[in-house]
Amino acid sequence: MTKEPKPDEPRLGLIVSDSAKAQCGAAELRAAHDWVDPELADVIVVVGGDGFLLHVLHEMLDRDRIKPVYGMNLGTVGFLMNGPHDGVPIAERIAEAHPVPVRPLQMHATSHDGRSFVYYAINEVSLLRETRQTAKLEVTINGKVRMEELVGDGVLVATPVGSTAYNLSANGPILPLGSRMLALTPLSPFRPRRWKGAILPESAEVEFRIREPGKRPVAAVADQKEVRDVKTVRIIANAEKELTLLFDPGFTLEERIFAEQFQV
């Protein structure tokens, strides 16, 4: 049965991953606070791992019901999460938490058969070859063609949050949180062979046109959502859909992204 919070506290809603570890770990948390239905909450507490947190954030974006989110790690990596329940009242942890704004990417993709798709990405938008044939892409920034032909496995555009994920694995740069920059990173480039990518202002509009789409099909992926056989892909950072992640003091996402630059 749902209980009402105290008048001086924000209303907290709880969303728990289906994993056995998260369900078991959340049992004590459920009993330690007067939770409300997530639809009525001022702040959402998400228990699980990074993947589940991203799932919850995407649901907020898709439904246009955006609320601050406090993640509690009972998953694997937990890069976007806080530590597990430690006995400190959850309302106290949230009251002291540091808010971090996260501006998602909005992908507008047009398929080869003329259909249009709009999806959001918190980490990155990736363009990936679908067959053994290399992808050939024209790269346009703010309406100006900057590269007539990029040949390789593909390319990605990453946010600062996503710069330590797939982007880093592809040898892309780590972007400090709050830098308001985007990483444009090639994936196994064949031509131009020595091009390492670019760092763009968050205000940039990035567009890719697939060359020879019939012979060299390309898929576009916004985090987990994929569109196959794309013809063009346009990407912008959407300020109107800005998300807020909450972090414990001294456990901020900013610090973790900074620390990643010194990992050896």
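This text follows the structure it describes.
Residues numbered from 1 in each chain as written. Predicted model: local features only at pLDDT ≥ 70, side-chain atom pairs only at ≥ 80, totals over all residues. Heavy atoms only, no water.

*Asks:* Looking at this structure, how should I read the overall build of the protein?
*Replies:* Counting secondary structure elements, the protein contains five helices and 16 strands. Radius of gyration (C-alpha) of the protein: 20 Å, near the 18 Å computed for a compact globule of 264 residues. Along the first, second and third principal axes, the C-alpha atoms of the protein reach 60 × 40 × 35 Å. Here the protein holds 264 residues, and the buried ones make up 48% of them. Within the protein, residue pairs in contact and separated by at least 24 positions form 69% of the contacts whose partners lie at least 6 positions apart. Summed over all atoms, the accessible surface of the protein reaches about 13,000 Å², with 51% contributed by carbon and sulfur. If the 31 positive side-chain charges of the protein are averaged to one point and the 36 negative ones to another, these points end up 10 Å apart. (Helix = DSSP H or I, 4+ residues; strand = E, 2+ residues; numbered from the N terminus. Rg over C-alpha atoms; globule rule 2.2 N^0.38 Å. Buried < 20%, exposed > 50% of the residue type's maximum accessible area, 1.4 Å probe, protein only. Contact = heavy atoms within 4.5 Å. Areas by Shrake-Rupley, 256 points an atom, 1.4 Å probe, with all protein chains shown as cover. Lys, Arg positive; Asp, Glu negative; His and termini not counted. Charge placed at Lys NZ, Arg CZ, Asp CG, Glu CD.)

*Asks:* How do you make sense of the packing of aromatic side chains when you look at a structure like this?
*Replies:* The description of two aromatic rings rests on the distance between their centres and on the angle between their planes. The tally for this structure, following the rule as stated, stands at one aromatic pair. One cation-aromatic arrangement involves R191 over F190; the distance from NZ or CZ to the ring centre is 4.5 Å. (Phe/Tyr/Trp six-rings, centres within 6.5 Å; stacked < 30°, edge-to-face > 60°. Lys NZ or Arg CZ within 6 Å of the ring centre and 35° of its normal.)

*Asks:* Explain the side chain of K67 here, please?
*Replies:* Structurally, K67 can be placed in the loop between helix 2 (50-63) and strand 3 (69-73). Here K67 is buried and forms no salt bridge, its nearest opposite-charge partner E39 lying at an N-O distance of 5.5 Å. Separated by 2.9 Å, the side chain of K67 and the backbone oxygen of A41 make a polar contact. When near neighbours in sequence (up to four residues on either side) are disregarded, K67 contacts P38, E39, L40, A41, D42, I44, M60 and T244. (Salt bridge = Lys/Arg side-chain N within 4 Å of Asp/Glu carboxyl O. Polar contact = N/O pair within 3.5 Å; in protein donor to acceptor, adjacent residues only side chain to side chain.)

*Asks:* In this structure, what is going on with helix 1 (residues 20-31)? I would like to understand it.
*Replies:* An α-helical turn contains 3.6 residues, so a residue and the one three or four places further along point in the same direction. Given a rise of 1.5 Å per residue, twelve residues ought to cover 16 Å, and the 18 Å separating the end C-alpha atoms of helix 1 matches this to within 8%. All of the buried residues along helix 1 are A22, A26 and L29. Angularly, the buried residues of helix 1 cover 45 degrees about the axis, an arc narrow enough to put them on a single face. More than 90 degrees from the buried face of helix 1, the exposed residues found are A20, C24, E28 and A31. Summarising the contacts, the buried residues of helix 1 are in contact with strand 1 (12-16), strand 2 (43-48), strand 3 and helix 3 (90-95). (Expected span 1.5 Å × (residues − 1). Arc of directions from axis to C-beta.)

*Asks:* Any chance you could explain unusual backbone geometry here in plain terms?
*Replies:* When glycine is set aside, most residues are seen to have a negative phi, and most peptide bonds are trans. The linkage connecting R191 with the following residue, P192, adopts the cis geometry, with an omega of -10 degrees. Secondary-structure assignment places P192 in the loop between strand 10 (181-191) and strand 11 (198-201). Its identity is not glycine, yet N142 carries a phi of approximately 50 degrees, on the positive side. A positive phi angle, close to 55 degrees, is found at E212, a residue other than glycine.

*Asks:* Honestly, the pattern of salt bridges in this entry has me stumped. Any pointers?
*Replies:* Between side chains of opposite charge, a pair can form as their charged atoms come close. Under the defined criterion, the tally for this structure stands at 19 salt bridges. Ionic pairing is found between E242 and R180, a salt bridge with its closest N-O pair at 3.5 Å. Placement of the pair is E242 in the loop between strand 15 (230-237) and strand 16 (243-247) and R180 in the loop between helix 4 (166-169) and strand 10, with a sequence separation of 62 residues. For E242, a relative accessible area of 28% gives the class partly exposed. Of the charged contacts in the structure, one is a salt bridge between E226 and R228, with a shortest N-O distance of 3.7 Å.

*Asks:* In this structure, what is going on with the nonpolar core? I would like to understand it.
*Replies:* Proteins that are soluble and globular tend to have nonpolar side chains buried together. Counting residues in each nonpolar core, the largest one holds 30 residues, and the members touching the most others are L127 and F208. If we skip the residues at most four places from it in the chain, L127 touches L137, D153, G154, V155, L187, F208, I210, V218, A219, A220 and V233. Formed by 27 residues, the second largest nonpolar core is a distinct cluster that contains I44, V46, V161 and I257. (Core = buried A, V, L, I, M, F, W, Y, C linked by side-chain atoms within 4.5 Å.)

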